[in-house]
Amino acid sequence: MNDTTPAKNADAEIEERKSARSQRPTSQAFKEFIAKDWDDTLPPAKRREVADFTPARLNRLVAEFPNTRLVFPAGVYKVRSNDTDYRFRPHTAFAYYTGLGTDEEPDSVLVVEPSREDPARAEATYFFKPRAGRDTEEFYADSRYGELWVGRRPTLDEVETRIGIPCAHIDTLRDRLAKDVGPELNLLVVRDVDPGIEAMVDEVRGQNSLSTGEQAVAEHDRLAEFASEQRLVKDEFEIGEMRKAVAATIAGFEDVVRHLPRAVAHERGERVIEGVFEMTARTEGNGVGYDTIAAAGPHACTLHWIRNDGKVREGEMVLIDAGVEVDSLYTADITRSIPINGKFSPVQRKIYEAVLEAADAVFAVAKPGMKFRELHQTAMQVIVRKLDEWDLLPCSQEESLSPDGQFHRRYMVHGTSHHLGMDVHDCAQARREMYLDAELEPGMVFTIEPGLYFMENDLTVPEEMRGIGVRIEDDVLVTEDGVENLSAAIPRTPDEIERWMAGLRG
Ligand code: GLY
Ligand code: MN
Ligand code: MN
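Computed from a predicted structure; not experimentally measured.

Participant: I'd like a description of the coordination of the manganese ion (ligand 2), backed by residues and values.
Facilitator: Bound to the manganese ion (ligand 2) on the protein side are D333 (OD), H418 (NE2), E449 (OE) and E473 (OE), at distances that span 2.0 to 2.1 Å. Here the manganese ion (ligand 2) is ringed by six donor atoms whose angles at the metal span 51 to 154°, and the overall shape comes out irregular. Along the chain, the residues that donate to the manganese ion (ligand 2) are spaced as D-x84-H-x30-E-x23-E. A spacing of 3.3 Å is found between the manganese ion (ligand 2) and the manganese ion (ligand 3), which share D333 as a donor. Of this pair, D333 sits in the loop between β11 (324-325) and β12 (334-339) while E473 sits in the loop between β15 (468-471) and β16 (474-478), placing them 140 residues apart in sequence. Each member of the pair, D333 as well as E473, carries the same accessibility label: buried.

If you want it as structure tokens, here you go:
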């Protein structure tokens, strides 16, 4: 099944080549035939739960940007190769403020500004390309937007009902962006999401005595920064979605354990693990929130091992770092390092318990008022003590923990915690004082994920420990007086893991 329609903006040569493959009928008789006799009854649209939460998000947003029109593009299709695109995933800030998710909606745009009558209240309009009539070529001949190609597309009314935000045709966007812009009304856009919309904003600014191009970058980027910072504390809807993402992820891990014998039997057993998890992710959610790491044996020491083409061998461990993203785009991020045959060897258990102790130390102290960066420092105190006990540090514990020391990083190179939400590394544009140097607050969601990684060719490490990598990663919610482990339903201690695996494998 391939496209026979010229892509938007394709140059003439490409169009000519494409038309060489085209077998699309062009006769008037065909156009009349395909346009008629369709049952166009629409099922009633339903308001989504998130629509009760977006008004408060939008009001908070406009309070930060008085006298400013704010533009959030959803983004554009990205070409995978030739005329095949990646599955569409909207930009996170856009999804947060609209309440849309899954693959909703390429080329669309949210515009928000303070109401004239009541500046504390946000006025938003969502612009998109609604379904085309049956009498248009788009309907049957456009492989990106045509209903015969991509399925039913919504009307303006339907989307308005679902998200509670007034909707308008994307063709009216330019006029709306330009209206009243000037010294009294600023215009900002989240950059690097949709080049066409960015260019439109730049043009409108230029025509209305506002700075353009490089001169305006810092001003625009404050919008993306704030959108990240606003998401640091999750609302009730977001917390509910995080719980769903975690539950689906745990179901995925259980499926993986059930399929371990199949993984062991296959030449590329890591792919079996990846595939089994992906099956749960696509059936229970929107997909994986990031590429699954299925790292057996020494691959566990490669932090971003996503090739996943290795063997899964009895007697070794496998590190699985995976998360289901639900339809609202919230994702879990969980890691378990488990013995493939279901029983930890003494050395595997020793390393695992050291990492667990580091994680537990963080759980014990995390609470409102503590600085985010102290999470990592807490974990590293345990990691450094363990490495010292095992004679692996070339210096004292104090020296390793000092900013100029950090010798332990040879065995634990990554951070212990990051915010988690719609993006696996959520709120990444937040300023340092709002993230690393900020205090924990109820409603924040982040990971606790210490690890120890002993490369198989690391001559500083006793031979029996080489090739073992362990990470334990849980997702937590800050409460009034501590943290709740959202992923508590997946076992953490070696004994629990052994029992869990035995139970799942029957
Ligand atoms: N899965 C990516 C991370 O743990 O940060
Ligand atoms: Mn993580
Ligand atoms: Mn992870």
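Participant: Just give me the short version of the pairing of β15, but keep the residues and values in it.
Facilitator: Residues I468 and V470 of β15 are buried on one face, and the alternating residues G469 and R471, pointing to the opposite face, are buried as well. As paired strands, strand β14 (residues 451-454) and β15 are joined by four bridges and run antiparallel to one another. If you follow F454 over to β15, its bridge partner there is I468.

Participant: Mind laying out the pattern of salt bridges, listing which residues take part and the relevant values?
Facilitator: Opposite charge on two side chains makes pairing possible when the charged atoms of those side chains draw close. As enumerated under the stated definition, the model contains 54 salt bridges in all. Taken together, the shared-partner salt bridges connect R60, E64, R222, E225, E229, R431 and E433 into one network.

Participant: Pulling in residues and values, what's your account of the site of ligand 1?
Facilitator: If you check the shell around ligand 1, you find Y290, D321, D333, H418, H425, E449 and E473 and nothing else. One nitrogen or oxygen atom from the side chain of E473 is found 3.2 Å from an oxygen atom belonging to ligand 1. Expressed as a share of its isolated accessible area of 190 Å², the protein-covered part of ligand 1 is 86%. Looking at side-chain class alone, the shell around ligand 1 contains one nonpolar, two polar and four charged residues.

Participant: Please give an account of the coordination of the manganese ion (ligand 3) that cites residues and values.
Facilitator: Within the first shell, the manganese ion (ligand 3) binds the protein through D321 (OD), D321 (OD), D333 (OD) and E473 (OE), at distances of 2.0 to 2.3 Å. Geometry at the manganese ion (ligand 3) is irregular, judged from the six donor atoms that bind it and their angles of 57 to 172° at the metal. The sequence pattern formed by the donor residues of the manganese ion (ligand 3) is D-x11-D-x139-E.

Participant: Help me get a handle on the pairing of strand β5 (residues 122-128), residues and values and all.
Facilitator: Counting buried positions over the seven residues of β5 gives six, a clear majority of the element. Note: strand β4 (residues 109-114) against β5, six bridges, orientation antiparallel. For V112, the partnering residue across the bridge sits in β5 and is A124. Bridge count for β5 against strand β6 (residues 167-169) is three bridges, and the pairing is parallel. Of the residues in β6, the one forming a bridge with F127 is A168.

Participant: How would you explain helix α17 (residues 494-505) if you had to name every residue and give the values?
Facilitator: Taking 1.5 Å of rise per residue, the 12 residues of α17 would be expected to cover 16 Å, and the 16 Å separating its terminal C-alpha atoms lies within 8% of that figure. Residues of α17 that are buried: P494, I497, E498, W500, M501 and L504. End-on, the buried residues of α17 take up no more than an arc of 165°, which puts them together on one face. What points out from α17, more than 90 degrees from its buried face, is the exposed set R499 and G503. Downstream of α17 by one or two residues, G506 has phi in the positive range, about 70°.

Participant: Can you lay out the side chain of T98 for me, pointing to particular residues and giving the numbers?
Facilitator: By secondary structure assignment, the location of T98 is in helix α4 (residues 92-98). Residue class for T98 comes out buried when judged on its relative accessible area of 0%. Here F94 takes part through its backbone oxygen, which lies 2.7 Å from a polar atom of the side chain of T98. There is a polar contact of 3.0 Å between the side chain of T98 and the backbone nitrogen of L100. Setting aside residues no more than four positions away along its own chain, T98 makes contact with T54, L110, Y126, I163 and I165.

What counts, and at which threshold
Residues numbered from 1 in each chain as written. Chains lettered and ligands numbered in written order. Predicted model: local features only at pLDDT ≥ 70, side-chain atom pairs only at ≥ 80, totals over all residues. Heavy atoms only, no water. Donors = N, O, S within 2.8 Å, 3.2 Å for Na, K, Ca; no water. Tetrahedral: all angles 85-135°; square planar, octahedral: opposite > 155°, others 65-115°. Helix = DSSP H or I, 4+ residues; strand = E, 2+ residues; numbered from the N terminus. Buried < 20%, exposed > 50% of the residue type's maximum accessible area, 1.4 Å probe, protein only. Pairing = 2+ DSSP bridges. Salt bridge = Lys/Arg side-chain N within 4 Å of Asp/Glu carboxyl O. Near = heavy atom within 4 Å. Polar contact = N/O pair within 3.5 Å; in protein donor to acceptor, adjacent residues only side chain to side chain. Areas by Shrake-Rupley, 256 points an atom, 1.4 Å probe, with all protein chains shown as cover. Nonpolar A, V, L, I, M, F, W, Y, C, P; charged D, E, K, R; others polar. Expected span 1.5 Å × (residues − 1). Arc of directions from axis to C-beta. Contact = heavy atoms within 4.5 Å.

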